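Descriptive analysis of the structure
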Amino acid sequence: MEAYFDNSATTRVFDCVKDIVVRTMTEDYGNAAAKHSMGVKAEQYIREARAVIARSLKVREKEIVFTSGGSESNNMALIGAAMANRRRGNHIITTNIEHSSVYNTLGFLEEQGFEITYLPVDGQGHISLETLKEQLRPDTILVSVMYVNNEVGAVEPVEEIGRVIKEISPETLFHVDAIQAYGKYEIRPGRQHIDLMSVSGHKLHAPKGVGFLYIRDKVKVKPLIYGGGQQAGMRSGTENVPGVAGLGAAAREIYTNHREKTDYLYELKDYLMTRIREIEGCVVNSRPGRDSAPQIVSISFEGVRSEVLLHALEERGIYVSSGSACSSSHPGVSGTLRGIGVRQDLLDATLRFSFGLFNKKEEIDYAIDTLKELLPVLRRYRRG
């Protein structure tokens, strides 16, 4: 039996996505910038995908810019907004549990003279709104906060954060990394005061190599890529028609009967969290039920290194990812587990199980049975 529980790393595409990607690679394969009918047809795929995504967010179609994925979207949001608004200030606020595509980008901006403030989180992975208020300054140009943490599934109070920012400093931009949130939540940038939002396709059963950045109308962002002026000059380069079409198809599919799909993920999550209690020495780091994201469960296994357990599970056809904190000279890189107060001895004993819509409860049963078999052996080996 095979059980793929690494959907926060990447997902299997929907059948409708596969079909439209193949069609736009083998039949409707024109360049969207071409003036002939093949080009017009390719452009129609892009327009339809943009319309579907805009409807899912209740935003304008012109506010969606397609990218190569989440890392580019984060880079474009942070570097583009910082450079475009530098005259107003050079202070940026983020958290100490962000993804490396945010941290390393902010590290680059520090080298360019920007000042970065890293907010701590509590045991649930949430920032303090009071601390945010204290750190906002007249020269704060940007606040960047992850919607759903990719390691433990903590969900930040995005709407409340946005409200605080706009009440205290209306001109400060609010960027949200929604890479683990889009497709799992009904996101409304207007109501939630979001100015910039990053999304990656392969986290929601779309292809790899495609994503988008939501840029609220009138927000100033400098492009990172210059060339032929595609996408209103915001992201030059020949459009990835198969990727964009696939992303649009995935967005349409995942937001059709969306509540049922999300409820199913919560059902899988709750089932794993219930069954893992049958095994001694397992500490669940994610919050139960609706208190955290529906697709992510972080579990620490006492007495076993995460890498050893990961490969032992892999040999049985069970695929998960390591949730251990990485050591780094940069404050907060992969600091989620430290940030929420996970015990020192468990930092290198943590795995992430992440669900997708193709998973079944039977796969969880198989994983639990396998863990019951493997853990006593691995724990004896380590003690020896």
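The paragraphs below set out a description of the structure included in this document. (Residues numbered from 1 in each chain as written. Predicted model: local features only at pLDDT ≥ 70, side-chain atom pairs only at ≥ 80, totals over all residues. Heavy atoms only, no water.)

**Concerning the overall build of the chain**
Along its length, the chain carries eleven helices and 13 strands. Taken along the three principal axes of its C-alpha coordinates, the chain extends 65 × 55 × 35 Å. Per-residue burial for the chain yields a buried fraction of 59% across its 384 residues. Within the chain, residue pairs in contact and separated by at least 24 positions form 74% of the contacts whose partners lie at least 6 positions apart. (Helix = DSSP H or I, 4+ residues; strand = E, 2+ residues; numbered from the N terminus. Buried < 20%, exposed > 50% of the residue type's maximum accessible area, 1.4 Å probe, protein only. Contact = heavy atoms within 4.5 Å.)

**A closer look at the sheet that holds strand S8 (residues 211–215)**
If you walk across this open sheet you meet the seven strands as S2-S8-S7-S6-S5-S3-S4, and the pairing is mixed. Looking at strand neighbours, the two that pair on one side only are strand S2 (64–67) and strand S4 (115–119), the edges of this open sheet. Sheet twist, expressed as the mean angle between neighbouring strand axes with direction ignored, is 20°. Sheet analysis places S2 next to S8, joined by four bridges and oriented antiparallel. Counted as the bridge partner of Val65 is Leu213 from S8. Set on the sheet, helix H3 (residues 70–84) makes contact with S2, strand S3 (91–95), strand S5 (140–146), strand S6 (173–177), strand S7 (196–200) and S8; between it and S7 the angle comes to about 160°. (Pairing = 2+ DSSP bridges. Axes fitted to C-alpha atoms, helices over the stretch in contact; angles between N-to-C directions.)

**Considering the pairing of S8**
Most of S8 sits out of view: five of its five residues are buried. The pairing of S7 with S8 spans five bridges and is antiparallel. Pairing of Ser198 across the sheet is with Leu213, part of S8.

**So, unusual backbone geometry**
One non-glycine residue, His205, lies in the positive phi region at around 70°. Inspection of the secondary structure puts His205 in the loop between S7 and S8. Accessibility expressed as a relative area gives 4% for His205, which makes it buried. The phi torsion at Lys218 lies on the positive side, around 85°, for a residue other than glycine. Assignment of secondary structure puts Lys218 in the loop between S8 and helix H7 (241–254). Judged by relative accessible area, which is 74%, Lys218 ranks as exposed.

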